[in-house]
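Observations on the model geometry
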Amino acid sequence: MTEGGAELPVTNIAAATALIVGGPGKYSLDRALGLRLPGWLAPLGLVAVIVTVLYAGVNAPEPPEQDEAREGAAGNDEA
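Thresholds applied
Residues numbered from 1 in each chain as written. Predicted model: local features only at pLDDT ≥ 70, side-chain atom pairs only at ≥ 80, totals over all residues. Heavy atoms only, no water. Helix = DSSP H or I, 4+ residues; strand = E, 2+ residues; numbered from the N terminus. Buried < 20%, exposed > 50% of the residue type's maximum accessible area, 1.4 Å probe, protein only. Areas by Shrake-Rupley, 256 points an atom, 1.4 Å probe, with all protein chains shown as cover. Patch = residues over 30% accessible without salt bridge, like charges linked within 9 Å, V, L, I, M, F, W, Y side chains within 5 Å. Salt bridge = Lys/Arg side-chain N within 4 Å of Asp/Glu carboxyl O. Polar contact = N/O pair within 3.5 Å; in protein donor to acceptor, adjacent residues only side chain to side chain. Expected span 1.5 Å × (residues − 1). pLDDT = per-residue confidence, 0-100.

Turning our attention to the overall build of the protein. Tallying secondary structure elements over the protein gives 4 helices and 0 strands in all. Walking the protein from its N terminus toward its C terminus, one meets helices and strands in the order α-α-α-α. Going through the 79 residues of the protein one by one, you find that 1% of them count as buried. Of the roughly 7300 Å² that the protein leaves accessible, carbon and sulfur atoms contribute 64%.

Within the secondary structure, Ala42 sits in helix H3 (residues 41-58). By relative accessible area, which is 32% here, Ala42 ends up partly exposed. Between the alpha carbons of Ala42 and Gly23 there is a distance of 9.5 Å; along the sequence they are 19 residues apart.

The next thing to look at is a nonpolar patch on the surface. A cluster of nonpolar side chains, contributed by Leu37, Trp40, Leu41 and Leu44, occupies part of the molecular surface with about 440 Å² of accessible area. Note that Leu41 resides in helix H3.

Let us now look at the environment of Leu41. Given the relative accessible area of 33%, Leu41 is considered partly exposed. Sequence-wise, Leu41 and Ile20 are 21 residues apart; in three dimensions their C-alpha atoms are separated by 10.0 Å.

Position of Ser28 among the secondary structure elements: in the loop between helix H1 (7-22) and helix H2 (29-33). Of note is the side chain of Ser28, whose polar atom sits 3.2 Å from the backbone nitrogen of Arg31.

Spanning 16 residues, H1 covers 22 Å between terminal C-alpha atoms, matching the ideal 22 Å at 1.5 Å per step. Phi turns positive one or two residues past the end of H1, at Gly23, with a value near 85°.

What follows covers the confidence of the model for the protein. Averaged over all residues, the pLDDT of the protein is 78; the fraction at 70 or higher stands at 80%. Confidence, read as mean pLDDT per element, is least for helix H4 (residues 68-78) in the protein (56) and greatest for H3 (87).

Structure representation (structure tokens):
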């Protein structure tokens, strides 16, 4: 993730979406405790996650530029 790969966030979003669409299931903590959330809360949570991800992507810091002189010196040592 620190190298800019999107695999982990996409996997997490897919898992969260699958849980939202599929519901809590037969052996969930919600069912054991007798909790029931309103149906409108899950889509609202999904929108909140998407907005947060988009906001983080827009406000992400730029990666530092690499020093070309240092790269050139490293390349000369290898030859």
